[in-house]
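Single-letter residue listing:
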Amino acid sequence: LHLMVISPSGKTLVQSHNNTPQPPLNSLENQTRWRIRTLPWGENTIVIALLWDKTEQELQREAVALLFFGAITSGVTAVGAWMIVGRTLLPIQHLARQVQVAAVPQVFLTPSSQDREIVELVGTLNGLLARISSAADARGRFYAAASHELRTPIQALSGHLELALLRPRDAAHYQETIREAYVQTQRLIALMQSLLLLNRLENAPAPMGKLEYSELDAICRRLIAFYEPLAKDRNLTVEADLQANTALSGIPQHGEMIVRNVIENAVRYATPHTTISITLAQTLEAPKFTIFNICPPFTSRDESRLFEPFARPDASRSAHTGGN
C-alpha cells in the first residue's frame with residue numbers, strides 16, 4: 001500500500017514511497033494503474049493507493065495456472081472414474097454374456113468376480129432363474145396333463161358318435177349312445193370349469209368372493225356322506241373324528257372345494273380294503289384338518305408333483321380312477 005497526505009492545494013505533503021500517484025488523482029493513468037481511496041483528515045486528505053497493474057498481472061498468471069491445473073485434475077478424475085466404473089461394470093458385462101449364450105430355461109450364472117456384491121447378485125439371479133425355470137416346467141406339465149384330460153373324453157365322445165353313425169340302429173342303441181355322449185360332455189364341462197377356475201385363482205389380484213365364517217365340520221360331514229358310496233364300492237372304511245363348531249374364515253365355496261378334493265383323492269387312490277382316517281380340530285391359530293389313507297408308494301418324481309394341478313401317478317392314470 002502507498003500512503004500520501006495531500007494539502008487542499010493539491011500538494012503532496014507526505015508520502016510513504018517515491019512511486020505514488022501523481023495529482024490529479026482522478027486522471028486516466030491513475031485510474032488504470034492504481035486503486036485509490038481517500039479519507040478526509042482535517043483540511044488535508046489522506047490517500048491510500050494500491051499499484052494495481054502488477055497485481056492484475058499476477059492474478060492473471062494465477063488464473064491461467066488454476067485453469068491449467070483444473071483441466072489436468074478434471075482429466076485425471078475423468079480417466080480414473082472411467083477406469084473404476086469400467087472395472088465395476090465389467091463383471092456385470094460378463095454376466096450379461098453368460099445369459100446371452102446360456103441355454104434356456106436351464107440358465108445358471110457363475111460369479112465373474114469374488115466381490116461380495118457380485119456374489120450376492122449372482123446368487124439372487126440364480127434363485128430367480130431357478131424359480132422361473134421351475135414355474136415354466138410346472139406350467140408345461142400342467143398343459144400336457146390338461147391336454148390329456150381333454151383328449152380322453154373328446155376321443156370317447158367322438159368314438160361313440162362315429163360308431164352310432166356307421167349304420168342304422170334301433171332306438172335303444174341310439175339312447176345308449178346319447179347317454180354316453182351326455183356323460184362325456186358333462187365330464188368336459190366339469191374339466192373346463194376346473195381350468196377356468198384355476199386360471200382365475202392364479203391371476204386374481206384379490207380373493208374372488210366375500211370372506212365369511214363357515215362351519216368346516218358340517219362341510220366335512222356332508223362330503224364324507226357324499227363319497228360314502230364310492231368308498232363302499234372300493235371296500236374302504238372311513239373313520240371320522242370331527243370337532244363340532246369348527247369355524248373356517250374364507251370364501252365358503254373355496255373351503256368346500258379344498259375339502260372335497262382332498263377327500264375325493266383319498267378315496268380314489270387308497271388301496272382297497274384299507275381304512276381312511278379323517279380328523280378335524282380347532283386350534284388357537286386355525287382349524288386343523290388331517291386325512292390319512294394307505295396307497296401305493298410314490299416315487300421321488302411323483303412326490304415332487306403332488307401339488308401340481310392335474311398331476312397323477314402314471315400307474316393310476318386310468319379310466320377307473322376318474323377325476324381331474
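Residues numbered from 1 in each chain as written. Predicted model: local features only at pLDDT ≥ 70, side-chain atom pairs only at ≥ 80, totals over all residues. Heavy atoms only, no water.

Focus on helix 5 (residues 216-226)
Condition: We call a residue buried when its accessible area falls under 20% of the maximum for its residue type, exposed when it is over 50%, and partly exposed in between, using a 1.4 Å probe and counting protein chains only. The helix count covers DSSP runs of H or I at least four residues long, the strand count covers runs of E at least two residues long, and both are numbered beginning at the N terminus. Here, the arc refers to the directions that run from the helix axis to the C-beta atoms.
Among all positions of helix 5, only Leu216, Asp217, Ile219, Cys220, Leu223 and Ile224 are buried. Projection of helix 5 onto a plane perpendicular to its axis shows the buried side chains occupying an angular sector of 155°, all on one side.

Overview of the sheet that holds strand 9 (residues 287-292)
Stated precisely, the cut-off is as follows: For two strands to count as paired, DSSP must find a minimum of two bridges between them. In this description, a line fitted to the C-alpha atoms serves as the axis of each element, helices being fitted only across the stretch in contact, and the angle between N-to-C directions of two axes falls anywhere from 0 to 180 degrees. When checking whether two residues touch, look at their non-hydrogen atoms; a contact exists if any pair is within 4.5 Å.
Ordered in space as 6-8-9, the three strands form an open sheet in which the pairing is mixed. Looking along the sheet, the strands with just one partner apiece sit at the ends: strand 6 (237-242) and strand 9. On average, adjacent strands in this sheet sit at an angle of 10° to one another, irrespective of strand direction. Two elements, strand 8 (residues 275-282) and strand 9, share six bridges in a ladder whose sense is antiparallel. Counted as the bridge partner of Thr279 is Thr290 from strand 9. Contacting strand 6, strand 8 and strand 9, helix 5 crosses the sheet at an angle of about 170° to strand 6. The strands that helix 7 (residues 252-269) touches are strand 8 and strand 9; relative to strand 9, the one it contacts most, it runs at about 15°.

Describing the confidence of the model for the protein chain
Basically, it comes down to this: Each residue carries a pLDDT score, the predictor's own confidence in it, on a scale running from 0 to 100.
The predicted model of the protein chain averages 78 in pLDDT, with 84% of residues at 70 or higher. Across the protein chain, the secondary-structure element scoring lowest on mean pLDDT is helix 1 (residues 28-33), at 65, and the one scoring highest is strand 6, at 93.

What to know about the sheet that holds strand 4 (residues 44-51)
The four strands lie next to each other as 2-1-4-3, forming an open sheet whose pairing is antiparallel. The open sheet has two free edges, formed respectively by strand 2 (12-15) and strand 3 (34-41), since each of these has just one partner strand. Direction aside, neighbouring strands of the sheet carry axes that sit 25° apart on average. The pairing of strand 1 (residues 2-6) with strand 2 spans three bridges and is classified as antiparallel.

Concerning the pattern of salt bridges
How we decide: Put simply, a salt bridge is a Lys or Arg side-chain nitrogen that is within 4 Å of an Asp or Glu carboxyl oxygen.
Summed over all chains, the structure comprises five salt bridges. Put simply, Asp217 and Arg221 hold a salt bridge, and the shortest N to O gap is 2.9 Å. Residue Asp217 and its partner Arg221 are located together in helix 5, separated by four residues, close to a single helical turn.

Structural notes on the environment of Gln15
Within the secondary structure layout, Gln15 lies in strand 2. The class of Gln15 is partly exposed, set by a relative accessible area of 35%. Taking the C-alpha atoms as reference points, Gln15 and Val5, separated by ten residues in sequence, lie 6.5 Å from one another.

As for the packing of aromatic side chains
This is how the line gets drawn: Here a pair means two rings of Phe, Tyr or Trp (six-membered ring of Trp) with centres within 6.5 Å. Their orientation is stacked below 30 degrees between planes, edge-to-face above 60, and tilted elsewhere.
Overall, the coordinates contain two aromatic pairs when judged by the stated rule. With a centroid separation of 5.5 Å and an interplanar angle of 70°, the aromatic rings of Phe68 and Phe69 are classed as edge-to-face.

Regarding the packing of helix 5 against helix 7
As a reminder of what qualifies: Oblique is the label for every angle not falling under 35 degrees (roughly parallel), over 145 degrees (roughly antiparallel), or within 65 to 115 degrees (roughly perpendicular). Note on convention: the crossing is left-handed when the near helix lies turned anticlockwise from the far helix by less than a right angle, right-handed when the turn is clockwise. In the scheme used here, Gly and all other residues not listed as nonpolar or charged are polar, with Ala, Val, Leu, Ile, Met, Phe, Trp, Tyr, Cys and Pro taken as nonpolar and Asp, Glu, Lys and Arg as charged.
In the contact formed by helix 5 and helix 7, the axes pass within 10 Å of each other and the chain directions differ by 40°. Compared by their axis directions, helix 5 and helix 7 come out oblique. Helix 5 and helix 7 meet at a crossing whose hand is right-handed. Taking contact as the criterion, the partners of Leu216, Ile219, Cys220, Arg222, Leu223 and Ile224 in helix 5 are, on helix 7, Glu256, Val259, Arg260 and Ile263. Class assignment of the residues belonging to the contact of helix 5 with helix 7 gives a composition of seven nonpolar, no polar and three charged.

As for unusual backbone geometry
Phi angles above zero are rare outside glycine, and Asn245 is one such case at about 60°. Note on placement: Asn245 falls in the loop between strand 6 and strand 7 (247-250). A relative accessible area of 65% places Asn245 in the exposed class. Its identity as a non-glycine residue notwithstanding, His273 has a phi of 65°, on the positive side. As for its position among the elements, His273 is in the loop between helix 7 and strand 8.

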